[in-house]
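Coordinate inspection notes
What follows is the residue order along each chain.
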Amino acid sequence: MLPGVISTGMETASRKPDIYELTLLEKSAARFLRLLTKLRNDIRKLNSPVYKTQERRPRGQQTRVNLSAGYTALDEEIIVDDSSIFSEGDLAILTRIQEMVRIRSITRSTHTLLITRGVGSTAAAINDNDYILRVSRVENEAYTIGPSYVTDTTQVTNYASTVSTPVEHSNLQVLEHSYLSGGTDNKTNRVKADEFAMSIEHLREIDRQLMFSFKSATLDANNRYLYTTGGMIPSIVTNVYNHAGGQQMTEAQYNTNMVRPAWGNDSTEKWQLSSNKFLSVMESFQRDKVYYEPGEMQTMGFAVSKYKTTRGVINVIHHPHLDATPYYEEGAVIIDFNHVRLALLQDTKYDKGPSGNGLQVPNQRTKLSEWSTICGLDIQYEEAHLWGYD
């Protein structure tokens, strides 16, 4: 039972969603959300809380031979670990023996390749676990166009969460504050102050949802779904590094186990959201490779440092939400914002409830006012990101 189409409040293409404007009020409150709205203008507009992401990843370039006995120089059928990276007509190189082969046909069910041996090279014995590198697809002069695979596309289902932040205050609570003398103006100012304070808390709750939430769709006793979006950190499954060596991570280990795996595409810039403890680890790195960028403070609203690598630049920031628990407080998430964006079903709005003024009956805790947003993440390439902890 899926809800019908909900207006996002974003039908006018010329204006930005309200959630964008809200992040400008307190730039450092929800830093992941701030980066999503600052670095990506092309939000995904949803018409259902259940949506699919076309996750694209560059085609794999190499695999390994999979036969313990190996093959002779005359064998023309070989089994590999993963035949999905190849298509008929591909050239491939067995790197250890420097032999180039051409793939004539593929049996996907058994990952068996029928190959022409020694193309422009000399055929030799093949060992188990030898690497085979895909080069390109080539055809003769009068060929028929066949399949071409630049990327592998997988449909991944995700959900938009309804994030609700109540604004709870009553007439009695408003008047009880000693710094207010009562009266309509002071009461109105107090209500507005509460509304503003809870709008910032609403941003933090969205930020935590998008960072930490696990994906789920649960049906309750009334046949209503509770949707939770797949957050950034739980969605990372390929590049997860647990530095469990008992000693503090070194810069060489950071580069080998975090920087290199995270750079599986052609991006030249990444963002690293770090806990305080992980920032302390980076304090031991070479000072000429880590430098503070003062101009970013004014633009982003929080301090940004740069870590230089041969692959590009990692923008390093502190994210207070990672300081919460032992699992997160020693970690950092490296994100490529070319491959993740915000998905909105309902833009951020403030509902003052049935009374229209946001006030409750004195001493009653029934929620009448709230900030609400229905949103999720659109992660287009999971392998472009990494979660690591020391």
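Relevant structure appears above.
Described in the following lines is the structure provided in the data block. (Residues numbered from 1 in each chain as written. Predicted model: local features only at pLDDT ≥ 70, side-chain atom pairs only at ≥ 80, totals over all residues. Heavy atoms only, no water.)

Side note on the overall build of the protein
Check the secondary structure of the protein and you find eight helices and 21 strands. Going through the 390 residues of the protein one by one, you find that 44% of them count as buried. Relative to all contacts within the protein whose residues are 6 or more apart in sequence, the contacts with residues 24 or more apart total 73%. Per element, the accessible surface of the protein, about 19300 Å² overall, is 50% carbon and sulfur. (Helix = DSSP H or I, 4+ residues; strand = E, 2+ residues; numbered from the N terminus. Buried < 20%, exposed > 50% of the residue type's maximum accessible area, 1.4 Å probe, protein only. Contact = heavy atoms within 4.5 Å. Areas by Shrake-Rupley, 256 points an atom, 1.4 Å probe, with all protein chains shown as cover.)

Notes on unusual backbone geometry
Despite not being glycine, Asn129 has its phi angle at roughly 70°, a positive value. Residue placement: Asn129 occurs in the loop between strand S7 (112-116) and strand S8 (131-137). Accessibility expressed as a relative area gives 40% for Asn129, which makes it partly exposed. Positioned with a positive phi, Asn223 is a non-glycine residue whose angle comes to about 60°. As for its placement among the helices and strands, Asn223 is situated in the loop between strand S11 (216-219) and strand S12 (225-228).

Topic: the pattern of salt bridges
For side chains of opposite charge, pairing can occur when their charged atoms come near one another. Inspection of every chain in the model, using the stated rule, returns 13 salt bridges. Between Asp378 and Arg44 there is a salt bridge, and its shortest N-O distance comes to 3.6 Å. Placement of Asp378 in strand S20 (residues 370-379) and of Arg44 in strand S1 (residues 44-45) is noted, with a sequence separation of 334 residues between them. Linking Asp378 and Arg341 is a salt bridge whose minimum nitrogen-to-oxygen distance equals 2.7 Å. On the criterion of sequence distance, the pair formed by Asp378 in strand S20 and Arg341 in strand S19 (residues 340-351) is long-range, its members being 37 residues apart. The pair formed by Asp378 and Arg341 is uniform in burial state, with each residue classed as buried. A single salt-bridge network, built from bridges that share partners, covers Arg40, Asp42, Arg44, Arg341 and Asp378. (Salt bridge = Lys/Arg side-chain N within 4 Å of Asp/Glu carboxyl O.)

Any functional reading would require information beyond the geometric quantities listed.
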